[in-house]
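One letter stands for each residue in the lines below.
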Amino acid sequence: MANNNLTEIVAIIDESGSMGTIRNDTIGGFNTFLEEQQQYTDGKAIMTVVTFSGSVRTPVDGVDVREVEPLSNLTYHPSGGTALLDAIGETIQRLEDRYTDEEDAENIPGRVLFAIITDGEENSSNNYTKQEIAKMIKHQTNRHGFEFIFLGANLDAVKEAQAIGISSKSAFNFAATGEAVLDSMGVLSSATLGYRSSGQATMNIAGTSLESMNTGKI
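Described below are features of the structure shown in this document. (Residues numbered from 1 in each chain as written. Predicted model: local features only at pLDDT ≥ 70, side-chain atom pairs only at ≥ 80, totals over all residues. Heavy atoms only, no water.)

## Comments concerning the overall build of the chain
Spelled out, the test is: Going along the chain from the N terminus, every DSSP run of H or I of four or more residues is numbered as a helix, and every run of E of two or more is numbered as a strand. Restricting the calculation to C-alpha atoms gives the radius of gyration, and the globule rule supplies 2.2 Å times the number of residues raised to the power 0.38.
A tally of helices and strands in the chain yields five helices and six strands. Tracing the chain from N to C terminus, the helices and strands come up as β-α-β-β-α-β-α-β-α-β-α. Here the C-alpha radius of gyration of the chain, 16 Å, is about what a compact globule of 218 residues would show, namely 17 Å. Counting only C-alpha atoms, the chain reaches 45 × 35 × 35 Å along its principal axes.

## Considering the layout of surface pockets
Put simply, the rule is: With a 1 Å grid laid over protein atoms only, a set of points is called a cavity when a 1.4 Å probe fits there but cannot get out and a pocket when it is open yet has protein on both sides within 12 Å along at least five of seven lines; lining residues have an atom within 4 Å of a point. Grid points are joined across faces, edges and corners, and a volume is the space filled by probe spheres set on the points. Following the grouping adopted for this structure description, the nonpolar residues are Ala, Val, Leu, Ile, Met, Phe, Trp, Tyr, Cys and Pro, the charged ones are Asp, Glu, Lys and Arg, and the polar ones are all others, Gly among them.
By volume, the largest pocket is sized at about 280 Å³. Breaking the lining of the largest pocket down by element, the ones donating at least two residues are α2 (84–101), β4 (109–118) and α3 (130–144). In terms of residue count, the dominant contributor to the lining of the largest pocket is α2 (five residues). Of the residues assigned to the lining of the largest pocket, the class counts are eight nonpolar, four polar and one charged. Each pocket or cavity is described by its volume, and for the second largest pocket that value is around 210 Å³. Around the second largest pocket, the lining comprises 16 residues; the ones closest to its centre are L6, K44, A45, D64 and R66. Elements with a contribution of two residues or more to the lining of the second largest pocket: β1 (3–14), α1 (23–39) and β2 (44–52). It is β2 that contributes the most residues to the lining of the second largest pocket, three residues altogether.

## Quick look at the environment of I205
Note the following rule: Relative accessibility under 20% of the residue-type maximum defines a buried residue, over 50% an exposed one, and the middle range a partly exposed one, all with a 1.4 Å probe and only protein chains included.
With respect to the element layout, I205 can be found in the segment after α5 (178–198). For I205, a relative accessible area of 19% gives the class buried. Along the sequence, I205 and N154 sit 51 residues apart, while their C-alpha atoms lie 18 Å from each other.

## Thoughts on the packing of aromatic side chains
Our working rule: Only Phe, Tyr and Trp rings are paired, with Trp represented by its six-membered ring, and only when their centres lie within 6.5 Å; those with planes under 30 degrees apart are stacked, over 60 edge-to-face, the remainder tilted.
On inspection of all chains with the given rule, the structure shows four aromatic pairs. Relative to F146, the ring of F114 has its centre 6.0 Å away and its plane inclined at 25 degrees; by these criteria the two rings are stacked. Here the residue F114 occupies a position in strand β4, and F146 occupies one in the loop between α3 and β5 (147–152), the gap between them amounting to 32 residues. As far as burial versus exposure is concerned, F114 and F146 are alike and both buried. Here the aromatic rings of F146 and F148 are separated by 6.4 Å at their centres, their planes lie at 35 degrees, and the arrangement is tilted. An identical accessibility class is assigned to F146 and F148; each is buried. Taken together, the aromatic side chains of F114, F146 and F148 make up a single cluster linked through ring pairs.

## Here we look at the pairing of strand β3 (residues 56–64)
The following threshold applies: DSSP calls a pair of strands paired once it identifies at least 2 bridges connecting them.
Two strands pair when backbone bridges link them, and β2 and β3 are joined in this way by five bridges, in the antiparallel orientation. Paired with M47 across the bridge in β3 is V63. Remark: three residues form the turn of the hairpin made by β2 and β3, two consecutive strands paired antiparallel.

## Some remarks on the pairing of β4
To be explicit about the condition: Crossover handedness is defined here as right-handed if the route from the first strand over the helix to the second strand goes clockwise, with the strands pointing away from the viewer.
The buried fraction of β4 is high, at nine of ten residues. Across eight bridges, β1 lies against β4 in parallel orientation. Of the residues in β4, the one forming a bridge with I13 is I117. Of the strand pairs in this sheet, β4 and β5 are connected by six bridges, and their pairing is parallel. The residue of β5 that forms the bridge with A115 is I149. In this fold, β4 hands off to α3, which returns the chain to β5; that crossover is right-handed.

## Things to note about α5
The cut-off we apply is this: Each helix should span, by expectation, one fewer than its residue count multiplied by 1.5 Å. When checking whether two residues touch, look at their non-hydrogen atoms; a contact exists if any pair is within 4.5 Å.
Helix length check: α5, at 21 residues, gives a terminal C-alpha distance of 30 Å against a target of 30 Å (1.5 Å per residue), a fit within 8%. Among the residues making up α5, those that are buried are G178, A180, V181, S184, M185, V187, L188, S189, A191, T192, Y195 and R196. Contact partners of the buried residues in α5: β1, α1, β2, β4 and β5. In the segment just after α5, G199 is the residue with positive phi, at about 80 degrees.

In C-alpha cells, the structure reads:
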C-alpha cells in the first residue's frame, strides 16, 4: 500500500542546444518552482530531476525535495539534440524499479506527477519509440494513477502529447521566450502544490502567455 501523504515530483527538462537562448530563464524559473515546493509543508515530497539532450542525465533521483540543490550554469548547460522519448522511458522504468525494490510502503509515493518541458520535437532517442512510450504512460496513468503534464515550445504540444499517451487537456504551448518560461514554471508550481494537497493538478493559465485548446484541468 503506497503512502498517500508522499508525492514524487518528476521534472523532465529539455537541455538541448536550442534551450540555450532561454537558459537563464529556465534556471531561474525552475529554481523558483523548487523553492516554492520546498516551502510547502502539507505532506512530504521527493523529487527526481532529469535533463536530456542527445543523452539523458538524472542528477536528482528520489531525493527529499528540501535537499534538492537549485540549478546553475554549472549544472544546466544546453547542447546537442533532443532525446525526449529516452528521457521519459528511462525515467518511468527507473521509478518502477525503485518502487518494486522498496520494502517499506511508507517510502512508495501515493502520488506521482511528471512535468515534461521541451522546446523541440524528438530527434535523438535510440531506446524507445513513441508507441512504446504511449503504452508506458497509459499503463502508469491507468494502473498507478500517475499524472503527466506536457509543456512544449516550437511544436504542437497537444498533438505531441497525445502521440505519447498524455491527455490533450494536460498539454500546453509556451513561446520560447524568457517571459513564457517563467509563466510556465509559475503555473506548473501552482498545479503541483494543488496536486500535493488534494491529488488534483489544475493548470490555471489565465493571464499568462501559455496556450491550450483545453480547460487545463487534469
